[in-house]
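# A look at the structure
Take a look at the letters that make up each chain.
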Amino acid sequence: MSTTYFDIHSHLNDPRFDPDMDEVLLRMREAEVATIAVGTDKEMSERAIALAEKHPDVWATIGQHPTDTHDEIFDGTWYREKVKQEKVVAIGECGLDYYWPTNPDSRKDFGDVDIEKRRQHELFAEQIALAEETGLPLMIHGRPTPKTMDAYEDILEMLRGRGVKGNVHFFVGDTTIAKQFLDLGFTMSFTGVLTFTHDYDETVRYIPLDMMHAETDAPYVAPVPHRGKRNEPGFVIEVIKAIAQIRGEDEEKVREVLAGNAHQLFGLK
Ligand SMILES: [Zn+2]
């Protein structure tokens, strides 16, 4: 098994991969891709660890997503025990999501927006504390209210002055927000969205190559030419190609630097 590419954020632990996990892993290995399976609550964190323990080219993050699991109370004791597992490489995905609680089309009822924001702030604060304690990086999920940068501004506020590092996954902020994350030493990662919109080209060119990552966020947002299908870690190659193209840089150079970035932040080998 040789690893050439890193998909630093996938939900390979999602039950949607259960029926054909062996084939997905096979395609991933043929493409020389390794991945980090991301926890979104206790159950998904447990599934990420189980997968990582079984496969040398899968790592895990553990944590609680701001909105995916609305009813779960953060179990600090459980996370403090699980974080000791060798293949746990980050805390998250955690952060602030203001998109769904303010969206009238949301399938869940988030109730009063201010109360919901307070709940998310407390949940995120616990995970910042855990990252600080363990020295592990944060895998951050930030999603602002449309046409604003509100969730990112609040995340930045909560991170300033804290002894933490990490990555902002599925980055959709502008260059002003990117600069502030860079000032804190945070990296940002991009998805297959780059293959079908030019909305993020300016940020992709703005962020130094050694401060970014490629991810799939599989099973979501499959890149072109797989668009509309279930996404999988092997498709990260399309994201890396898109980054090279947007930046006008050599694909092999981009691949090499991004692989180095994954080693650097998450300690992947
Ligand atoms: Zn995700």
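Our structure is the block above this text.
Quick look at the structure, then. (Residues numbered from 1 in each chain as written. Predicted model: local features only at pLDDT ≥ 70, side-chain atom pairs only at ≥ 80, totals over all residues.)

## Considerations on the overall build of the protein chain
When you go through the protein chain residue by residue, the secondary structure sums to 9 helices and 8 strands. Radius of gyration (C-alpha) of the protein chain: 17 Å, near the 18 Å computed for a compact globule of 269 residues. Put simply, the protein chain has 269 residues, and 46% of those count as buried. At a minimum sequence separation of 6, the contacts of the protein chain that also span at least 24 residues come to 72%. (Helix = DSSP H or I, 4+ residues; strand = E, 2+ residues; numbered from the N terminus. Rg over C-alpha atoms; globule rule 2.2 N^0.38 Å. Buried ≥ 20, exposed ≤ 12 C-beta atoms within 10 Å, placed from the backbone. Contact = placed C-beta atoms within 7 Å.)

## Overview of helix α5 (residues 150-159)
Residues of α5 that are buried: A151, Y152, I155 and L159. Take α5 and look down its axis: the buried residues cluster within an arc of 95°, on one side only. Packing partners of the buried residues in α5 comprise β4 (88-97), β5 (138-143) and α6 (175-183). Just beyond α5, the residue with positive phi is G161, at close to 80°. (Arc of directions from axis to C-beta.)

## A word on the environment of G92
The residue G92 is located in strand β4 in this model. Counting along the chain gives 35 residues from G92 to Q127, while the straight-line C-alpha distance between them is 7.5 Å. Those residues in contact with G92 that lie beyond four places of it in its chain are V38, T61, G63, Q127, L138, M139, I140 and H141.

## A closer look at the sheet that holds strand β3 (residues 58-62)
On the basis of which strands lie adjacent, the open sheet formed by 8 strands has the order β1-β2-β3-β4-β5-β6-β7-β8 and parallel pairing. Taken across any chain shown, the strands that pair with only one partner, and hence form the sheet edges, are β1 (5-10) and β8 (212-214). The sheet shows a mean angle of 30° between the axes of neighbouring strands, taken without regard to direction. Relative to β3, helix α2 (residues 42-54) is tilted by about 160°, and along the sheet it contacts β2 (33-37), β3 and β4. (Pairing = 2+ DSSP bridges. Axes fitted to C-alpha atoms, helices over the stretch in contact; angles between N-to-C directions.)

## As for the pairing of β4
The buried fraction of β4 amounts to 10 of the 10 residues, a majority that puts the element mostly inside the structure. Of the strand pairs in this sheet, β3 and β4 are connected by 3 bridges, and their pairing is parallel. Bridge pairing in β4 places I62 opposite I91. As judged from the 6 bridges shared by β4 and β5, these two strands associate in the parallel manner.

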